[in-house]
Structures are given as C-alpha cells and as structure tokens.
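The primary structure of each chain is shown beneath.
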Amino acid sequence: MDPEHEKKEEISAEFALHDAMDGILRYLNARDLCRAAQVSRSWNEAVKLEFSRRCPEIVRLPDNYDSRLTNTDGPKFFASNELRSKPEFTLMLCGSTPNTRIDLNVENSLMAAYKPHLPGRLMIIGVDAAMLDTEEIRSCPRSMDNAPTNGIIAFLMPKFRQVQIKVGFCPSHRDRPIRRAKSIVNSIMPDNWDSESTILLFGRIFYTIHERVLSYIKRRFKPNSYTVLGGSMANYIKIIDCLRDDYPAYLGMEGCVAINFSGIERHSAVITINQRLSGFESDVAKFAKGLKSKLKRCNKGLICGPRVGVHDYWIRYREKCYYKIWINIIKKYFPNVTFMGFFNEKHLHYIGMNTGQDDSDQKMLHELVVSILILTHD
C-alpha cells in the first residue's frame, strides 16, 4: 500500500477516535469524566477539552427537606454525580415567598448543607417565585397549605472554562451610597478591558444604590461591552453570601451584590409587560428571530420580572397576566434553552438591557418588564 495513503488512513482513524470520544464524553457527569481521564493520555486530553467546554449549568438540586441531604443512612447527595462540572461559582434561588414559609431562615440551612459539596463561592438569594423553565421550584413548605418542596434551582459556572468571575458586594450601612456603588463596581471590573461582561445585580429595595451602581457601571465599563440583569428584593428577602469560609453572612437592608462573568457570549432583551399579551409575544418573537443564527451548541437563560402586573388592557380584555404566562411564551420561542427565572413583587425595580443598542442611550432600571438574558457557547 502507498505510504502516503497509509498516513492518510491513520489521520482519518485518529479524527474518528476523537469524534467518538467527544460524542461519549459530552453525556458524562463530573465523576465519570474523571474516571475516563485515567484510561489513557488521549482520553485525558479529551476530558480536559470537554471540561473546558462546559459553561454554565442550570440544574435542580435536592432541597433541605430531601432525605439525600438530611439522612445519615441510605442514599446521599454527591455533587459529582449530579453536576457536569466542578463549579467555581454557584447561585441558588430559594422560593417561594418568604413571608409564607414555615422556615423563614431556610437559606441558612441550605448554605450549611451545600457548602461542603460545592467548592468556590456559593450564593443563595431568597425570591418570591423561582422557576426552572415552566415549573415553579419550591425550596421550603408554605405555612398556609404545607405545599411540598421539589428542590432548589442552581446556576453554576465551572472553574475549567476560561471565564473570569468577579463578585462585588457592600453590606455596609456606614458609607454613603456613592462610595458603596464605587466599591461594588471596582470589584467586578474585568482584567481584560476588551472582554464582554455579563453582570448580575441583586439588592434590597433601596433605589439609590441600584441607580448609582448602574450609573457607575456606565462610567467605568467600555461602551457596548456589557449587559446586566437583576432586580431589587423586598425588605424581608435575604441575600446570603459566603463572605467567610466558616460562616455565612447576610447582606443588610442597603446591601447590594454584583457578579460579573467575563468572556462568554450573551444576548439580552427587556420586554415590557405594560401591553397586551399579543404585544408581549410579538416582542419575544422578534428577539428570538434575531438570535436564531447566533445560538450555539449549549444555551442557558436567565429571566427576571414581577409576578403580576396591572394594566388597563388586562382588565379590559380580561387577560391573565402573571409570571407563568410570560415564561410559557418565552419557552415557546426558545424551546431548546434551559431557563432559570426569579419573580418578585410588581412594585419593585428590575434591571435589564437590550444588546445591540447603544448602552449610553438605554435605561437599565425598569418597572413592569421581563428581562431576558441568554448565554450561549459551543
């Protein structure tokens, strides 16, 4: 046989092997990937490549009432069996409405239960309604009807992918709002000035700190290099962050926390709910049409907004307008995107931007809107 032909066959066989390994490894969890890496040097390289592709992840994990977390005997929870990668940052949304819970401090228990399992930074935010696609996730029984729990939703960013994660927070009540805002924004500035930033911003119901943080983001970040999503919380909703390794701490009434993911492609839109449902659906369809050619292999979405809204159209036409209706419409146009959503009171402020528009002309703090953010990667 011709030596050149033999060489071509060897190269083709090598490519076929790599394709086969990629096809297998993409379905394995973190523990099985670590086992596969021990097979040979080529498998080890393929596993490293697969880990580098995994970012981010939205999953449902056991809540604090699940026997896998509480029982000493029987099946136990192992993060490596549930997750596809080892997270560097984890954000959990704890619903439902805190003033109807049996346990008002369930976030404390969740932090204590999950800190040993999830390395890196762990943050738990209490919300009125937490959603995984179209299903509401309840992490604590309600006192009024003792409704059962069905887990807790988590957004995880792996440490293997080349994505820079920075967190800024300010629980202090002593400094002026402008100093707190500068401290937060300075903490989340990316090392690479040219990188694209995705900023999640949460805080208690304190309008000034949100306004000042967003204003300072416009001043410090490179124009059109960032997008933001988030919202304010009512005064009974907790934001719990592991500020120290030994004990979780609370952000106070005027606290605010920002998370910046630099280096991942993202697209966002702000859809007003101050219109009829047909108008809302039309705006979502327009956003989906513009993204059709831009979405890649893996897509994850974040949504925030009010649980309900009030408008003359809804009263006049007797339309049902609340968070489950809105997220069902969004899923209709993004069926292959996994969404994590949080919804709070209608009188609060919600944060969002329209990518593709000049950020200097945009308002980022809104009322009666649904903010959508989609992260996409190969």
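In the block above lies the structure referred to throughout.
Here is a short report on the structure shown in this document. Since we're looking at a predicted model, the values are computed, not measured.

### So, the overall build of the protein chain
Within the protein chain, the secondary structure is distributed over eleven helices and 18 strands. Taken over 378 residues, the protein chain has a buried fraction of 52%. Long-range contacts, defined here as pairs at least 24 residues apart, represent 80% of the contacts in the protein chain between residues at least 6 apart. Counting only carbon and sulfur atoms, one obtains 48% of the accessible surface of the protein chain, whose full area is about 17600 Å².

### Some remarks on the pairing of strand 4 (residues 129-132)
Across the two faces of strand 4 the burial is the same, with Ala129 and Met131 and Ala130 and Leu132 all buried. Direction of pairing for strand 4 relative to strand 15 (residues 338-344): antiparallel, over a ladder of four bridges. Bridging from a neighbouring strand, leucine 132 pairs with methionine 340 of strand 15. Bridging between strand 4 and strand 5 (residues 135-137) involves three bridges; their strand directions are antiparallel. In the strand pairing of strand 5, alanine 130 is matched with isoleucine 137. Taken together, strand 4 and the strand that follows it, strand 5, pair antiparallel across an intervening segment of two residues, in which aspartate 133 is found at a positive phi of about 55 degrees.

### A short note on the pairing of strand 13 (residues 265-272)
Here strand 13 lies mainly inside the structure; six of its eight residues are buried. Pairing analysis gives eight bridges linking strand 13 to strand 18 (residues 369-377), with the strands arranged antiparallel. Of the residues in strand 18, the one forming a bridge with valine 270 is serine 371.

### Things to note about the nonpolar core
Counting 36 residues, the largest nonpolar core has Phe202 and Phe261 as the members making the most contacts within it. If we ignore the near neighbours within four places in the chain, the residues touching phenylalanine 202 are Leu91, Ile125, His210, Gly230, Gly231, Met233, Ile239, Cys256, Val257, Ile259 and Phe342. Core analysis: the next-biggest nonpolar cluster, separate from the first, contains 25 residues, Cys321, Trp326, Ile330 and Val337 among them.

### Topic: the packing of helix 9 (residues 277-291) against helix 11 (residues 323-333)
Between helix 9 and helix 11, the shortest axis-to-axis distance is 9 Å and the interhelical angle comes to 35 degrees. As for the relative orientation of helix 9 and helix 11, their crossing is right-handed in sense. Contacts from Leu277, Phe280, Glu281, Val284, Ala285 and Ala288 in helix 9 reach Ile325, Trp326, Ile329, Ile330, Lys332 and Tyr333 in helix 11. Looking at the contact of helix 9 with helix 11, its residues break down into ten nonpolar, no polar and two charged.

### Notes on the pattern of salt bridges
Applying the stated criterion across every chain yields a total of eleven salt bridges. Here glutamate 136 ties to lysine 324 by a salt bridge, and the two come within 3.7 Å at their closest N and O atoms. In this pair, glutamate 136 is assigned in strand 5 and lysine 324 in helix 11, connecting sequence segments 188 residues apart. Residue glutamate 136 is classed as buried on the basis of its relative accessible area of 14%. Measuring nitrogen to oxygen at the nearest pair gives 2.8 Å for the salt bridge that ties lysine 166 to aspartate 191. With lysine 166 in strand 7 (residues 164-169) and aspartate 191 in the loop between helix 7 (177-187) and strand 8 (197-204), this pair connects stretches of sequence that are 25 residues apart.

### Description of the packing of aromatic side chains
Inspection of every chain in the model, using the stated rule, returns nine aromatic pairs. Aromatic pair phenylalanine 89 and phenylalanine 261: ring centres 5.8 Å apart, planes at 65 degrees, arrangement edge-to-face. Of this pair, phenylalanine 89 sits in strand 2 (residues 87-94) while phenylalanine 261 sits in strand 12 (residues 256-262), and the two are 172 residues apart along the sequence. Phenylalanine 89 gets classed as buried once you look at its relative accessible area, which sits at 1%. Residue classification places phenylalanine 261 among the buried positions, given a relative accessible area of 1%. Ring centres of phenylalanine 280 and tryptophan 326 lie 6.5 Å apart, and the angle between their planes is 45 degrees; on these two criteria the pair is classed as tilted. Highlighted residues: phenylalanine 280 in helix 9 and tryptophan 326 in helix 11, separated in sequence by 46 residues. Across the pair, tryptophan 326 and phenylalanine 280 agree in class, each one buried. Aromatic ring contacts, followed pair by pair, group Phe89, Phe155 and Phe261 into a single cluster.

Cut-off values and rules
Residues numbered from 1 in each chain as written. Predicted model: local features only at pLDDT ≥ 70, side-chain atom pairs only at ≥ 80, totals over all residues. Heavy atoms only, no water. Helix = DSSP H or I, 4+ residues; strand = E, 2+ residues; numbered from the N terminus. Buried < 20%, exposed > 50% of the residue type's maximum accessible area, 1.4 Å probe, protein only. Contact = heavy atoms within 4.5 Å. Areas by Shrake-Rupley, 256 points an atom, 1.4 Å probe, with all protein chains shown as cover. Pairing = 2+ DSSP bridges. Core = buried A, V, L, I, M, F, W, Y, C linked by side-chain atoms within 4.5 Å. Axes fitted to C-alpha atoms, helices over the stretch in contact; angles between N-to-C directions. Left-handed = near helix turned anticlockwise from the far one by under 90°. Nonpolar A, V, L, I, M, F, W, Y, C, P; charged D, E, K, R; others polar. Salt bridge = Lys/Arg side-chain N within 4 Å of Asp/Glu carboxyl O. Phe/Tyr/Trp six-rings, centres within 6.5 Å; stacked < 30°, edge-to-face > 60°.

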